Every structure is written in C-alpha cells, then in structure tokens.
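Here is what each chain is made of, one letter per residue.
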Amino acid sequence: MTEPTLGCYVYCVVRAGAHPWLDGLDGVDPTFPVELATHDNLSALVSKVRLEEFSAEALKRNLEDLGWVERTARAHDAVLARALAADALVPFRLCTIFTDEAHVRDMLERERDSLLEELERLRGHAEWSVKLLADPRRVEAAARERSPAFAATTTNSEGQGAGRAFFERKKQDQTLRDEARAMAEAAAEEAHARLRGEAAAATLLPPQHPELSRRSGQMLLNGAYLVHRSKAAEFARVVSELGERHREIGLDLELSGPWAPYNFVAASEAKDER
Amino acid sequence: MNGELERAAANRQVALVEVLDRALGAGVVITGDITLSLADVDLVYLSLRLVVGSVPTLKPATGDAR
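Residues numbered from 1 in each chain as written. Chains lettered and ligands numbered in written order. Predicted model: local features only at pLDDT ≥ 70, side-chain atom pairs only at ≥ 80, totals over all residues.

Undergrad: Account for the overall build of chain A, naming residues and giving values.
TA: The secondary structure content of chain A amounts to 11 helices and 8 strands. Here chain A holds 274 residues, and 42% of them are scored as buried. Across chain A, the fraction of contacts at a sequence separation of at least 24, relative to all contacts at a separation of at least 6, is 78%. (Helix = DSSP H or I, 4+ residues; strand = E, 2+ residues; numbered from the N terminus. Buried ≥ 20, exposed ≤ 12 C-beta atoms within 10 Å, placed from the backbone. Contact = placed C-beta atoms within 7 Å.)

This is the structure in structure tokens:
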C-alpha cells in the first residue's frame, strides 16, 4: 500500500467571497502556504501537510509531544484569527485532514446547509473568554471581615481546656473556609449571569488544569461568551466593573479574546453525543 | 475600557492552555478521510488528557487529570 505523501489540512470554513488576508501566514506545516479551497458559496482555508508528520499513525506519536501540539495548535489558531478578522468562520477541530482538495470540496458540498446556517448565525460575532480566579487566603480574610462572629470566637476560647480550644478552632476554620467558598462561588455565578446577559450565547467550560494555566488560585469560572463586534467594548467594560467589585474579596477576573467561535459551533456538541 | 480590551488581546497571546483547550477541545468535528478527527482518537495520551481533561473539581490538583 503506497500512501500519498501529502494531505490537505482544513482549518475552518468561511463564506466564499470573504477574503481573509493570508499573506505571510504559516500553516501547521510551514513548508506550504494557507490557501482557499472554494466550492460554490463556501471556502475552506486549507494547507498541504506532509503525511510523514500528519498521518493518523504519525499523529498518535506527535500528539504525545506537547511542543509539537503547541506549535500546531498555535498555527491553527493563527489561521482562524485571520479568518475571524475578515468575516464569520466555522472553526474545525485541530488536525482534520483530507486526501486532497477535491475531497475537501466534497465535504463542503455534503455539509453545505449546516455550514451556511452556522456562518449566518455567527456573522459579526467572536468568542471571549472570562475566568474568575480565587485567591483562597484573600477570600478567607474577606469572609472573616464580613462575619464579626469569627473575629470574636477566636478570643473566647481562652480559659477552656487546651484540647477543646484546639477542636473549637479547627471547627471555626472549617466554617470559615466553607463560608469563603460559598461567597466566592456565589460571586462566580453572579458574574456569569451578568456576562451571559451581555452576550448572544454563553457556555461554561471546565476549569483549567492549574499546572497548565500557570495561574495561582482556584478557577471558579471558565466562561466562553459569544459577543457581537459592536458590543465587545461594552462587554469588556462589564468585565472591568465586575473585576473591580470582586477584587476586594480576593477574586480576579481575566478577559481574553477575541477568539474564533470554537465553543459556539453546533457540531462541537458532537463530543457529548458520542 | 480600551485598556481591558488590550489586556484581553495580550492574555490571548500568552495563554497556551487557552489555545489548546479550544483547538483540541472545541470546533466542528468533521472526520477527514486521512485522519480520524481528534474527537475519535481515544485520548490516552498524557499531554492531551492534561489539556482536554481539565480538572473535574475545584480542589487543588493532585497531578491526576481525571
């Protein structure tokens, strides 16, 4: 069996006639330029990839290499960012690869209706990420301040047996931690509700792994929000306002974007159906 | 308010995990004829598990990503 040496990598689909600026853009395999493969009223952003690096077999190996995954994911995202700057796009999952452009056009024909529907819905929108991180010590300090009972009880335990005082304090510490946690979670829920109100659509993502996010603190909210271009500045203002309000109780809000609407395409729900 | 948007763009540059979360964990799943879509790949690979698997609870990480 002789494998073809090149495949056709698909980044995303845009409306034909959207002209994303592709000059000087490196694909996931920097040897080959990013191009448009057009069929009727749809264009896929594609580039050739060498199968020695991107075949199913090679991918199994490469996906274990975080350096390779990082380069590939960043290149993938950079192409999407260019498309986003031009018009609506439907992002494809990393490493979606076809035999050649003809097969990509077949796919565009097959998926035409749903792709056009998605492009229409997403027009003018981008995804924004908002995270809320809690610094447990600062949150506990804030909870202590808010409940005078805690401040009082620590001094009251004098005069009791040492053992009993110890358990009393432990119990109080636990109550304080619970209180702090409830306060932080309520704030996260409130922030999400407010932001959802500013967005066309919203979804909650699982909190990120602390080692990978390289952030200290507990991530209590990892929200993705689909926001129309004309409302992005207002959305950012609301994030600022929420951030200021929550900072004093030890919570930090972080906004990032604009992202391609990765989390707002219908087929991304396929992962739940499988 | 512009400052917040500028910070957002800067955050976007820095955060690798955000890119990975999105490129690996979201986006349309259409199976290419050469590779299985990543959604079909059994995610037995450590690097992917760490990223896509995120942390199931809010407790401190134990180094075990699910």
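Undergrad: Give me the packing of helix α6 (residues 136-146) of chain A against helix α8 (residues 162-198) of chain A: which residues, what numbers.
TA: The relative placement of two packed helices comes down to the angle between their axes together with the axis-to-axis distance. Residue and element names in this part refer to chain A. Between α6 and α8, the shortest axis-to-axis distance is 8 Å and the interhelical angle comes to 100°. Between α6 and α8, the interaxial angle falls into the category roughly perpendicular. Contacts between α6 and α8 involve P136, V139, E140, A143 and R144 on the former and, on the latter, L176, R177, E179, A180, M183 and A184. (Axes fitted to C-alpha atoms, helices over the stretch in contact; angles between N-to-C directions. Parallel < 35°, antiparallel > 145°, perpendicular 65-115°, else oblique.)

Undergrad: Let's hear about the sheet that holds strand β8 (residues 251-259) of chain A: which residues, and what values?
TA: Residues and elements named next belong to chain A. Taken in spatial order, the 4 strands make up an open sheet running β6-β7-β5-β8, and their pairing is antiparallel. Here the strands that pair on one side only, and so sit at the sheet edges, are β6 (201-204) and β8. The sheet shows a mean angle of 20° between the axes of neighbouring strands, direction not considered. Across 7 bridges, strand β5 (residues 125-134) lies against β8 in antiparallel orientation. Along β8, the bridge assignment pairs S129 with S256. (Pairing = 2+ DSSP bridges.)

Undergrad: Now, about helix α4 (residues 101-110) of chain A: what can you tell me, with residues and values included?
TA: Residues and elements named next belong to chain A. Within the span of α4, buried status applies to V104, M107 and L108. Along the long axis of α4, the arc covered by the buried residues comes to 100°, so they all point the same way. Within α4, the exposed residues directed more than 90 degrees away from the buried face are A102, E109 and R110. Buried residues in α4 make contact with β1 (6-15), β2 (35-39), β3 (42-50), β4 (89-98) and α5 (112-122). (Arc of directions from axis to C-beta.)

Undergrad: How would you sum up the pairing of β1(A)? Please name residues and give values.
TA: Residue and element names in this part refer to chain A. Here β1 lies mainly inside the structure; 8 of its 10 residues are buried. As judged from the 9 bridges shared by β1 and β3, these two strands associate in the antiparallel manner. Considered in β3, the bridge of Y9 is made with S47.

Undergrad: Tell me about the sheet that holds β1(A), residues and numbers included.
TA: Residues and elements named next belong to chain A. Across the sheet, which stays open at both edges, the 4 strands sit in the order β2-β3-β1-β4 with antiparallel pairing between neighbours. Where the open sheet ends on each side, the last strands, each with one partner, are β2 and β4. Sheet twist, expressed as the average angle between the axes of neighbouring strands with direction ignored, equals 25°. Helix α3 (residues 66-86) rests against β1, β3 and β4 of the sheet, and its axis sits at about 145° to β4. In the packing of α5 onto the sheet, the strands contacted are β1, β3 and β4, and the crossing angle to β4 comes to about 140°.

Undergrad: With reference to specific residues and values, describe the environment of V227(A).
TA: Residue and element names in this part refer to chain A. Within the fold, V227 resides in strand β7 (residues 218-228). On the neighbour-count criterion, V227 (25 C-beta atoms within 10 Å) is buried. In this structure, the C-alpha to C-alpha distance between V227 and W128, residues 99 residues apart in sequence, is 7.1 Å. Filtering out sequence-adjacent residues up to four positions away, V227 remains in contact with H125, A126, W128, A199, A200, A232 and F235.

Undergrad: Account for the confidence of the model for chain A, naming residues and giving values.
TA: Residues and elements named next belong to chain A. In this model, chain A carries an average pLDDT of 87, and 88% of its residues clear a pLDDT of 70 or more. Between the elements of chain A, mean pLDDT differs from a low of 38, seen in helix α11 (residues 270-273), to a high of 96, seen in β2. Predicted confidence is poor over residues 268-274, with pLDDT under 50, and the contacts of this stretch with residues over four places away or in other chains come to 10 contacts. (pLDDT = per-residue confidence, 0-100.)

Undergrad: Lay out helix α10 (residues 232-247) of chain A in plain terms, naming residues and giving numbers.
TA: Residue and element names in this part refer to chain A. Compared with the 22 Å implied by 1.5 Å per residue over 16 residues, the 22 Å span of α10 between its first and last C-alpha is a close match. Inspection of α10 places F235, A236, V238, V239, L242 and H246 among the buried residues, and these make up the whole buried set. Angular distribution of buried residues about the axis of α10 spans 155°; they occupy a single face of the element. (Expected span 1.5 Å × (residues − 1).)

Undergrad: Break down the packing of α8(A) against α10(A) for me, with residues and values.
TA: All names here are of chain A. Contact geometry for α8 and α10: axes closest at 10 Å, N-to-C directions at 165°. Accordingly, the angle class assigned to the pair α8 and α10 is roughly antiparallel. With respect to the hand of their crossing, α8 and α10 are arranged in right-handed fashion. Judged by residue contacts, A187, A191, R194, L195 and E198 of α8 engage E234, F235, V238, L242 and H246 from α10. Residues of the contact of α8 with α10, tallied by class, amount to 6 nonpolar, 1 polar and 3 charged. (Left-handed = near helix turned anticlockwise from the far one by under 90°. Nonpolar A, V, L, I, M, F, W, Y, C, P; charged D, E, K, R; others polar.)

Undergrad: Which residues make up unusual backbone geometry, and what values go with them?
TA: Residue and element names in this part refer to chain A. Residue P258 is reached from G257 by a cis peptide bond, and omega for that bond is 0°. Here P258 lies in strand β8. Notably, D40 is not glycine yet its phi reads approximately 50°, a positive angle. Counting through the fold element by element, D40 comes out in the loop between β2 and β3. A positive phi angle is found at C95, which is not glycine, with a value near 60°. Relative to the helices and strands, C95 is located in strand β4.

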